[in-house]
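Residue-level structure breakdown
Now for the letters of each chain:
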Amino acid sequence: MYMDGMMRKPVRLAVCLLIASLAAAGDATGGDSGANPWRLPVCFTDNMVLQRNAPIAIWGGATPGSEITISFSGQTVKTKAEKDGRWRTRLKPIEANATPQNLRIASSRDRKSVTLKNVLIGEVWLAGGQSNMAFPLRSHRDWKKHIPTRPNPLIRILQIPVTEFGTINRQH
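Now for a quick tour of the structure. (Residues numbered from 1 in each chain as written. Predicted model: local features only at pLDDT ≥ 70, side-chain atom pairs only at ≥ 80, totals over all residues. Heavy atoms only, no water.)

Looking now at the overall build of the protein chain. When helices and strands are tallied, the protein chain shows 0 helices and 10 strands. Ordering the α and β elements of the protein chain from the N terminus gives β-β-β-β-β-β-β-β-β-β. Here the protein chain, with 172 residues, has 33% of them falling under the buried criterion. Residue pairs at least 24 apart in sequence account for 66% of intrachain contacts in the protein chain once pairs closer than 6 positions are excluded. A total accessible area of about 11,600 Å² is found for the protein chain, and carbon and sulfur atoms account for 55% of it. (Helix = DSSP H or I, 4+ residues; strand = E, 2+ residues; numbered from the N terminus. Buried < 20%, exposed > 50% of the residue type's maximum accessible area, 1.4 Å probe, protein only. Contact = heavy atoms within 4.5 Å. Areas by Shrake-Rupley, 256 points an atom, 1.4 Å probe, with all protein chains shown as cover.)

Have a look at this one:
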């Protein structure tokens, strides 16, 4: 209960940035393992930034037994999908780099691959909270002082939709 004695709706969680290097702490592939087991988490996308100077976790889902090949920044690693279709591997740490690169992920049995474009290596920040995380800058009284003079293409934002806090789906 809150100080006013009333129960409120469940806390809403808004995640604005996602750190791919924290992948080892949890799995976010979501989706079902129905007819198409090939899947990647929402955080693996074109224009993403991977954390510099730390092992880079890459994970997803595929047909059980599939060989998964990941190629990025001169590294190629392979792993196999487990009995439940989940797979996970890591790339070696990479120095910060503002040169856009492609990250390729391929699955042997699914005969599918994806090439994520314009991927950078740099500093990644995670921001989360309640409604204050969705507070628009233009609502601040001095908002014009905080607007950059020009866009910075090296800054990337991945906004995860607002989700009700409740049962955690641990499917994959």
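Position of Gln-75 among the secondary structure elements: in strand β5 (residues 75–80). Overall, the relative accessible area of 16% leaves Gln-75 in the buried class. Beyond its immediate sequence surroundings of up to four residues, Gln-75 is in contact with Ile-70, Leu-91, Lys-92, Pro-93 and Ile-94.

A separate point is the pairing of strand β6 (residues 86–91). The two faces of β6 differ: Trp-87, Thr-89 and Leu-91 on one face are buried, but Arg-86, Arg-88 and Arg-90 on the other face are not. Two elements, strand β3 (residues 56–61) and β6, share 6 bridges in a ladder whose sense is antiparallel. Note on β6: the bridge partner recorded for Ile-58 is Thr-89. (Pairing = 2+ DSSP bridges.)

So, about unusual backbone geometry. At Asn-53, a residue that is not glycine, the phi angle is positive and equals roughly 55°. Mapped onto the elements of the fold, Asn-53 is located in the loop between β2 (49–51) and β3. Since its relative accessible area comes to 38%, Asn-53 is described here as partly exposed. A positive phi angle is found at Ser-73, which is not glycine, with a value near 50°. Positionally, Ser-73 belongs in the loop between β4 (67–72) and β5.

We now examine the pairing of strand β8 (residues 112–122). Pairing of β2 with β8 involves 3 bridges; the strand directions are parallel. Opposite Leu-50, over in β8, you have Ile-121 as the bridge partner. In this structure, strand β7 (residues 97–107) lies alongside β8, joined through 7 bridges in antiparallel fashion. Bridged to Ala-106 within β8 is Ser-113. Connecting β7 to the antiparallel partner β8 that follows it, the hairpin turn spans 4 residues, and Arg-111 within it adopts a positive phi of roughly 50°.

A few words on the packing of aromatic side chains. For the structure shown, the criterion picks out 1 aromatic pair. The interplanar angle of 75° and the centroid separation of 4.8 Å between the aromatic rings of Phe-44 and Trp-59 together place this pair among those described as edge-to-face. Within this pair, whereas Phe-44 is found in the loop between β1 (12–17) and β2, its partner Trp-59 is found in strand β3, the two being separated by 15 residues in sequence. Neither Phe-44 nor Trp-59 differs from the other in exposure class; each is buried. (Phe/Tyr/Trp six-rings, centres within 6.5 Å; stacked < 30°, edge-to-face > 60°.)

The values are spatial; any link to function lies outside them.
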